[in-house]
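What follows is each chain in one-letter form.
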Amino acid sequence: MGGFLRILVATTLLLLSVYSVAGTTRSYEFNIQLQNVTRLCHTRSMVTVNRKFPGPHIVATEGDRLLIKVNNHVSNNITIHWHGIRQLRSGWADGPAYITQCPIQTGQSYVYNYTVVGQRGTLFWHAHISWLRASLYGPLIILLKLNVPYPFSKPYKEVPIIFVV
Ligand SMILES: *[C@@H]1O[C@H](CO)[C@@H](O)[C@H](O)[C@H]1NC(C)=O
Ligand SMILES: *[C@@H]1O[C@H](CO)[C@@H](O)[C@H](O)[C@H]1NC(C)=O
Ligand SMILES: *[C@@H]1O[C@H](CO)[C@@H](O)[C@H](O)[C@H]1NC(C)=O
Ligand SMILES: [Cu+2]
């Protein structure tokens with residue numbers, strides 16, 4: 001292999017490894033919609049994400065960037081907060097209405113854009129305006145980087161459980 005080609009290959013491998021350390025981008029779409037939900041024989045019309053209650057799982061690996069596009073199709077103003085995520089230089093993605101952003105109004109969209117740095121485990125996301133968190137919430141799971149072991153023996157299975165009080 002020629003010297004130049006060898007340098008080119010080495011540079012490419014270096015760039016690839018830097019890229020994998022920097023993490024990937026994961027995109028989600030949250031459609032805020034009304035949905036009839038039945039629990040214990042009673043049916044209620046509720047504000048939901050993607051017609052699911054609880055809402056969808058967000059899954060990321062430590063170091064990833066998350067892009068979550070929220071489209072508001074209901075008459076309420078909406079914001080979503082990523083509970084426990086340290087927003088490093090991305091405060092406008094934190095979610096509290098009238099504190100870090102104006103609410104997403106009916107028919108409008110907003111892209112929450114942030115990286116997950118130095119954190120792992122199961123957190124959750126919820127609405128951060130009025131009482132909408134009563135039906136707008138779901139798990140936010142941050143996986144360990146590849147080849148990083150659990151700080152305990154590897155579980156046989158993982159099931160997210162959300163306690164709402
Ligand atoms: C919920 O149920 C009511 C009554 O059956 C119906 O009028 C309404 O369209 C339903 N809403 C949705 C979002 O399915
Ligand atoms: C929705 O947000 C807008 C902009 O902040 C505000 O003017 C309006 O009063 C809000 N609507 C409701 C129902 O809170
Ligand atoms: C997300 O934020 C990064 C860093 O500020 C920026 O480079 C990128 O363009 C943003 N992406 C979107 C879709 O807003
Ligand atoms: Cu919270």
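Predicted model only: the values in this text are computed from it and were never measured.

What counts, and where the lines are drawn
- Residues numbered from 1 in each chain as written.
- Chains lettered and ligands numbered in written order.
- Predicted model: local features only at pLDDT ≥ 70, side-chain atom pairs only at ≥ 80, totals over all residues.
- Heavy atoms only, no water.
- Helix = DSSP H or I, 4+ residues; strand = E, 2+ residues; numbered from the N terminus.
- Buried < 20%, exposed > 50% of the residue type's maximum accessible area, 1.4 Å probe, protein only.
- Contact = heavy atoms within 4.5 Å.
- Areas by Shrake-Rupley, 256 points an atom, 1.4 Å probe, with all protein chains shown as cover.
- Donors = N, O, S within 2.8 Å, 3.2 Å for Na, K, Ca; no water.
- Near = heavy atom within 4 Å.
- Polar contact = N/O pair within 3.5 Å; in protein donor to acceptor, adjacent residues only side chain to side chain.
- Nonpolar A, V, L, I, M, F, W, Y, C, P; charged D, E, K, R; others polar.
- Pairing = 2+ DSSP bridges.
- Axes fitted to C-alpha atoms, helices over the stretch in contact; angles between N-to-C directions.
- Salt bridge = Lys/Arg side-chain N within 4 Å of Asp/Glu carboxyl O.

**A word on the overall build of the protein chain**
Okay, so step 1: When helices and strands are tallied, the protein chain shows one helix and eight strands.
Okay, so step 2: Counted from the first residue to the last, the protein chain has its helices and strands arranged as α-β-β-β-β-β-β-β-β.
Okay, so step 3: When the 165 residues of the protein chain are sorted by exposure, 35% land in the buried category.
Okay, so step 4: The long-range share in the protein chain, meaning contacts at least 24 apart out of those at least 6 apart in sequence, stands at 64%.
Okay, so step 5: Looking at the protein chain as shown, the accessible area adds up to about 10800 Å², and 61% of this sits on carbon and sulfur atoms.

**Focus on the coordination of the copper ion (ligand 4)**
Okay, so step 1: Every protein donor of the copper ion (ligand 4) is listed here as His83 (ND1) and His126 (NE2), and their distances to the metal cover 1.8 to 2.0 Å. Placement of His83 in strand E5 (residues 80-83) and of His126 in strand E7 (residues 121-127) is noted, with a sequence separation of 43 residues between them.
Okay, so step 2: Assessed through its relative accessible area of 36%, His83 is described here as partly exposed.

**With respect to the site of ligand 2**
Okay, so step 1: If you check the shell around ligand 2, you find Asn77, Tyr98, Pro103 and Gln105 and nothing else.
Okay, so step 2: The contact in question runs from an oxygen atom of ligand 2 to an N or O atom on the side chain of Asn77, over 2.4 Å.
Okay, so step 3: Compared with its free state, where it exposes 360 Å², ligand 2 has 40% of that area covered by protein.
Okay, so step 4: Partitioning the shell around ligand 2 into residue classes produces two nonpolar, two polar and no charged.

**As for the sheet that holds strand E2 (residues 42-49)**
Okay, so step 1: Pairing is mixed in the open sheet, where four strands are placed in the order E2-E1-E4-E6. Bordering the open sheet on either side are E2 and strand E6 (109-115), each of which pairs with just one other strand. Direction aside, neighbouring strands of the sheet carry axes that sit 25° apart on average.

**Notes on the sheet that holds strand E8 (residues 137-143)**
Okay, so step 1: If you trace the four strands from one edge of the open sheet to the other, you get E3-E8-E7-E5, paired in mixed fashion. This sheet does not close on itself; its edge strands, each paired only once, are strand E3 (58-61) and E5. In this sheet, adjacent strand axes meet at a mean angle of 25° when their direction is disregarded.

**Some words on the site of ligand 3**
Okay, so step 1: Taken together, Arg65, Leu67 and Asn113 make up the full set of residues near ligand 3.
Okay, so step 2: Contact distances for ligand 3 include 3.3 Å between an oxygen atom and a side-chain N or O atom of Arg65.
Okay, so step 3: Side-chain polar atom of Asn113 to an oxygen atom of ligand 3: 2.4 Å apart, as the coordinates give it.
Okay, so step 4: Summarising the interface, the protein chains cover 31% of the accessible area of ligand 3, which totals 370 Å² for the free molecule.

**Some details on unusual backbone geometry**
Okay, so step 1: Following Phe53, the chain continues to Pro54 via a peptide bond in cis, the omega torsion being -10°.
Okay, so step 2: As for its position among the elements, Pro54 is in the loop between E2 and E3.
Okay, so step 3: At Asn50, a position not held by glycine, the phi torsion is positive, near 55°.
Okay, so step 4: Position of Asn50 relative to the elements: it lies in the loop between E2 and E3.

**So, the pairing of E7**
The two faces of a sheet get side chains in turn, since along a regular strand they alternate between them.
Okay, so step 1: Where E5 lies against E7, four bridges are found, and the strand directions are antiparallel. If you follow Ile80 over to E7, its bridge partner there is Ala127.

**Details of the pattern of salt bridges**
Okay, so step 1: If you walk through the whole model with that rule in mind, you get two salt bridges.
Okay, so step 2: Salt-bridge contacts for Asp64 lead to Arg26; the nearest nitrogen and oxygen are separated by 2.5 Å. Here Asp64 is found in the loop between E3 and strand E4 (65-72), whereas its partner Arg26 is found in strand E1 (residues 25-39), with 38 residues between them in sequence.
Okay, so step 3: The exposure class assigned to Asp64 is buried, which follows from its relative accessible area of 3%.

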